[in-house]
Amino acid sequence: MVQPRVEPERSAPPASTAVPATTPTDRAEPAEPTVSPPTIQLNWETELPPGNAGELIRQGRQRVDQPGGEGSGNRLSCSSCHRLGGTAGGFLSWLGRGNSYPRYLPRLGRTVGLAEQINLCRQHSLGASPWVVNGPEIAAVVAWFEFLRSYPDPVPARELNLPARRADPVAGEVIYQRACRGCHGDGGNGAEAPAAAPPLWGSGSYTEGSDLHRLLVAALFIRDHMPRSEAPQLPLNDEEALDLAAYINSFARPEMPELDRDYPWLSEKPADCPYPPFADPFPADQHKYGPFQAIQAAAEAARAGDWRQYRESLPGYRLRLPMTAQTPQDN
Ligand code: HEC
Ligand code: HEC
């Protein structure tokens, strides 16, 4: 395997003119355009294996760039989130993914293969019907995903530092107007070329069952990838990303049926999953916007063995909670 070249989408400013660290308030007049997180410029076409294997990988790349929600109104493709077909480093990149399949998925409470994971994203994020599991579409996307997996991701994974406050959609709107609206539009509706940005809410965007509908997931994506290179306010800090995620996820989006059946072991439901039922007494608003520390601490306590407080808080769902701290599948 040839070592991939790593370069930023645009050249970084020379060190002498580098912008000093800014606080949110002094960003209104940036001195110098800064850069998006590095995108790996994979020279992948020259690295394809010969023959059918290479052709399958090439088809996979085409598939993930195509909008998948024909008929549903959704205008996203896989590449809307797994940017540049997954070749952009950072959160949701497909470079160097460590996950091996089959793996345990808390959302379904069981082990899934890669084909099923792909279909889950297709249904929840694109609002599209699933592909046939042994069909040609899945085979091509799997080939592309597996191909990218052997390249290292140049962007180190960074957790979010969570403030001990509710994320603020109003503050998010202010940043949106400045840094996002130019591409994603007034109504979050996206734009055609040259801005060519996908919709962030409304009928053309991801469904309410998408993982991007979770505050912490959307904030990670936004912090690592947006506002792409053209807007000069980069990089966003964690709090700005959280407020932006709160703003975007405060709008209506396509519904997804039967979400109450997700996470059959409620104890495994992430604190920021915004839809009920919940395994704890915290209100829905707090699951959607935070603060999450208390929710996470309660979940920790429950995992450590004290199920009583959970069971007593929600009689209706009592029977769906595991009686011990054990997960249904241990991995
Ligand atoms: C709206 C955003 C969005 C779109 C569009 C989207 N995904 Fe995802 N995808 C995610 C998120 C969020 C995750 C979960 C990441 C996590 O929890 O770590 C994910 C996870 C995955 C994974 C698991 C990655 C791993 O490391 O094991 C695969 C594979 C995947 N998506 C494939 C696809 C495919 C194929 C499409 C198009 C049919 C697609 N996704 C469209 C947001 C999206
Ligand atoms: C220069 C244009 C541009 C700007 C500015 C921009 N985006 Fe994007 N955004 C894109 C494009 C293009 C994509 C699709 C992924 C890709 O190809 O990089 C995208 C994808 C997204 C997605 C995932 C897909 C979806 O539709 O939900 C989110 C969320 C998002 N942007 C949020 C933001 C936020 C928040 C800001 C402001 C901080 C922002 N973007 C600023 C162009 C832009």
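The paragraphs below set out a description of the structure included in this document. (Residues numbered from 1 in each chain as written. Chains lettered and ligands numbered in written order. Predicted model: local features only at pLDDT ≥ 70, side-chain atom pairs only at ≥ 80, totals over all residues. Heavy atoms only, no water.)

1. Focus: the packing of helix H1 (residues 51-65) against helix H3 (residues 136-149)
Consideration 1: The contact between H1 and H3 brings their axes to 7 Å, and the two run at 100°. Judged on the interaxial angle alone, H3 and H1 are roughly perpendicular. For the pair formed by H1 and H3, the contact residues are Leu56, Ile57, Gln59, Gly60, Arg61, Arg63 and Val64 on the first element and Glu137, Ala139, Ala140, Val141, Ala143, Trp144 and Phe147 on the second.
Consideration 2: Tallied by class, residues from the contact of H1 with H3 come to 9 nonpolar, 2 polar and 3 charged. (Axes fitted to C-alpha atoms, helices over the stretch in contact; angles between N-to-C directions. Helix = DSSP H or I, 4+ residues; strand = E, 2+ residues; numbered from the N terminus. Parallel < 35°, antiparallel > 145°, perpendicular 65-115°, else oblique. Contact = heavy atoms within 4.5 Å. Nonpolar A, V, L, I, M, F, W, Y, C, P; charged D, E, K, R; others polar.)

2. Details of the site of ligand 2
Consideration 1: As a structural note, the neighbourhood of ligand 2 is formed by 23 residues, with Arg83, Cys180, Cys183, His184 and Met226 the closest of them.
Consideration 2: Residue Arg83 places a side-chain N or O atom 2.5 Å away from an oxygen atom belonging to ligand 2.
Consideration 3: A distance of 2.6 Å is found between an oxygen atom of ligand 2 and a backbone nitrogen or oxygen belonging to Pro199.
Consideration 4: When contributions to the shell around ligand 2 are tallied by element, the ones reaching two or more residues are helix H5 (181-184), helix H6 (215-225) and helix H7 (238-248).
Consideration 5: Looking at the shell around ligand 2 residue by residue, the class counts come to 17 nonpolar, 3 polar and 3 charged.
Consideration 6: The two domains that each donate at least three residues to the shell around ligand 2 are domain 1 (44-149) and domain 2 (158-257). (Near = heavy atom within 4 Å. Polar contact = N/O pair within 3.5 Å; in protein donor to acceptor, adjacent residues only side chain to side chain. Domains from an automatic or database assignment.)

3. Concerning unusual backbone geometry
Consideration 1: In this chain, Tyr101 is followed by Pro102 through a cis amide linkage whose omega measures 0°.
Consideration 2: Looking at where Pro102 falls in the secondary structure, it is placed in the loop between H1 and strand S3 (103-105).
Consideration 3: Backbone geometry places Leu84, a non-glycine residue, at a positive phi of 50°.
Consideration 4: Residue position: Leu84 is located in the loop between H1 and S3.
Consideration 5: Taking the relative accessible area as the measure of exposure, Leu84 reaches 32% and is therefore partly exposed.
Consideration 6: Unusually for a residue other than glycine, Glu258 sits at a positive phi of about 60°. (Buried < 20%, exposed > 50% of the residue type's maximum accessible area, 1.4 Å probe, protein only.)

4. Regarding H7
Consideration 1: Burial within H7 is extensive, with 10 of its 11 residues counted as buried.
Consideration 2: Buried within H7 are the following residues: Asp238, Glu240, Ala241, Leu242, Asp243, Leu244, Ala245, Ala246, Tyr247 and Ile248.
Consideration 3: Turning to H7, the residues buried within the fold contact helix H4 (169-179), H6 and helix H8 (284-289).
Consideration 4: Between a side-chain oxygen at the N-terminus of H7 and the backbone nitrogen of Glu239 the separation is 3.1 Å; the capping residue is Asn237.

5. Description of the site of ligand 1
Consideration 1: In the region of ligand 1, 25 residues are neighbours, and Cys78, Cys81, His82, Tyr101 and Cys121 sit closest.
Consideration 2: Note that a nitrogen atom of ligand 1 is positioned 2.8 Å from one of the side-chain N or O atoms of His82.
Consideration 3: In this structure, Asn99 approaches ligand 1 through a side-chain N or O atom, which is 3.0 Å from an oxygen atom.
Consideration 4: Put simply, the parts of the chain that give the shell around ligand 1 at least two residues each are helix H2 (114-124) and H3.
Consideration 5: Among the elements that line the shell around ligand 1, the one with the most residues is H2, at 5 residues.
Consideration 6: Of the residues assigned to the shell around ligand 1, the class counts are 15 nonpolar, 6 polar and 4 charged.

6. Describing the coordination of the iron atom of ligand 2
Consideration 1: The coordination sphere of the iron atom of ligand 2 contains the protein donors His184 (NE2) and Met226 (SD), at a distance range of 2.0 to 2.3 Å.
Consideration 2: Each of the 6 donor atoms around the iron atom of ligand 2 contributes to a set of angles spanning 86 to 179°, which defines the coordination as octahedral. Residue His184 is found in helix H5, and its partner Met226 is found in the loop between H6 and H7; the two are separated by 42 residues along the sequence. Summarising the burial analysis for this pair, His184 and Met226 share the class buried. (Donors = N, O, S within 2.8 Å, 3.2 Å for Na, K, Ca; no water. Tetrahedral: all angles 85-135°; square planar, octahedral: opposite > 155°, others 65-115°.)

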